[in-house]
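Structure at a glance
These are the residues of each chain, in order.
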Amino acid sequence: MSIRINSASCVGCGKCAEVCPGNLIRISDRKAEIKREKDCWGCTSCLKECKTGAILFFLGADIGGRGSVLSVKEEGENRIWTVTAGDGTKKTITVNTKESNRY
Ligand code: SF4
Ligand code: SF4
């Protein structure tokens, strides 16, 4: 598993680099980049911190289908998870972050 960072959507906030447990992300010229792609074990921490949806997480063929990617975007109180399949079709799950941890 690995991630890809879309530099066009990255605002250089550095949140992803702060949370990566493997110290795999650096900020260069106000853009995030992954240092050692092969060392990423897919914990999704960076993905959850990125408010602009700049980080794409590659899903295995057994999870989302061949060529599918997962991204997350924050809109107000909502975190919107999107799986984009290899053929471009999308499925989204919207989670209200204020409600999600209530029990
Ligand atoms: S969290 Fe997202 S916007 Fe912020 S530096 Fe990382 S990739 Fe860029
Ligand atoms: S998925 Fe986890 S290990 Fe991989 S780059 Fe993001 S925070 Fe680091």
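Refer to the structure printed above.
Residues numbered from 1 in each chain as written. Chains lettered and ligands numbered in written order. Predicted model: local features only at pLDDT ≥ 70, side-chain atom pairs only at ≥ 80, totals over all residues. Heavy atoms only, no water.

1. With respect to the overall build of the chain
Helix and strand counts for the chain come out as two helices and seven strands. Order of helices (α) and strands (β) in the chain, N terminus to C terminus: β-α-β-β-α-β-β-β-β. The C-alpha atoms of the chain give 14 Å as radius of gyration, which agrees with the globular expectation for 103 residues (13 Å, within 12%). Oriented by its inertia axes, the alpha-carbon framework of the chain measures out at about 35 × 30 × 25 Å. In the chain, which comprises 103 residues, the proportion classed as buried is 31%. Across the chain, every contact between residues at least 6 apart in sequence was considered, and the portion connecting residues at least 24 apart equals 30%. Taken as a whole, the chain presents about 6800 Å² of accessible surface, with 48% of it coming from carbon and sulfur. Averaging the positions of the 17 positive and the 12 negative side-chain charges in the chain gives two centres separated by 1 Å. (Helix = DSSP H or I, 4+ residues; strand = E, 2+ residues; numbered from the N terminus. Rg over C-alpha atoms; globule rule 2.2 N^0.38 Å. Buried < 20%, exposed > 50% of the residue type's maximum accessible area, 1.4 Å probe, protein only. Contact = heavy atoms within 4.5 Å. Areas by Shrake-Rupley, 256 points an atom, 1.4 Å probe, with all protein chains shown as cover. Lys, Arg positive; Asp, Glu negative; His and termini not counted. Charge placed at Lys NZ, Arg CZ, Asp CG, Glu CD.)

2. Points about the site of ligand 2
Around ligand 2, the structure places 13 residues, and the nearest of them are Cys 20, Cys 40, Cys 43, Thr 44 and Cys 46. One can see that ligand 2 is located within the largest cavity. Residue classes in the shell around ligand 2 are distributed as ten nonpolar, three polar and no charged. (Near = heavy atom within 4 Å. 1 Å grid on protein atoms, 1.4 Å probe; cavity = no way out; pocket = protein on both sides within 12 Å on 5 of 7 lines; lining within 4 Å. Sits in = over half its atoms within 2 Å of the grid points. Nonpolar A, V, L, I, M, F, W, Y, C, P; charged D, E, K, R; others polar.)

3. What to know about the site of ligand 1
Taken together, 13 residues lie around ligand 1, and Cys 10, Cys 13, Gly 14, Cys 16 and Cys 50 are the ones closest in. Partitioning the shell around ligand 1 into residue classes produces ten nonpolar, three polar and no charged.

4. A word on the environment of Lys 51
Positionally, Lys 51 belongs in the loop between α2 (45-49) and β4 (55-58). Sequence separation between Lys 51 and Leu 70 is 19 residues, and the spatial gap between their C-alpha atoms is 14 Å. Setting aside its immediate chain neighbours within four residues, Lys 51 contacts Lys 73 and Glu 74. At a separation of 3.4 Å, a polar atom in the side chain of Lys 51 contacts the side chain of Glu 74. (Polar contact = N/O pair within 3.5 Å; in protein donor to acceptor, adjacent residues only side chain to side chain.)

5. Some words on empty space enclosed by the protein
Taken as a whole and assessed by the stated rule, the structure comprises one cavity of 30 Å³ or more. Taken together, 13 residues form the lining of the largest cavity, with Cys 20, Leu 24, Cys 40, Cys 43 and Cys 46 sitting closest to its centre. Taken together, the residues of the lining of the largest cavity break down into ten nonpolar, three polar and no charged. (Points joined across faces, edges and corners; volume = space filled by probe spheres on them.)

6. Section: the pairing of β4
A one-sided burial pattern is seen for β4, the buried positions being Ile 55 and Phe 57 and the unburied ones Leu 56 and Phe 58. Relative to strand β5 (residues 69-75), β4 runs antiparallel, the two sharing two bridges. Residue pairing across strands places Phe 58 opposite Val 69, the latter belonging to β5. (Pairing = 2+ DSSP bridges.)

7. Considering the nonpolar core
In terms of nonpolar packing, the biggest core is built from 20 residues, with Ile 3, Ile 25 and Ile 55 touching the most fellow members. Setting aside anything within four residues of it in sequence, one finds Ile 55 in contact with Ile 3, Arg 4, Ile 5, Cys 16, Cys 46, Leu 47, Cys 50, Leu 70 and Ser 71. (Core = buried A, V, L, I, M, F, W, Y, C linked by side-chain atoms within 4.5 Å.)

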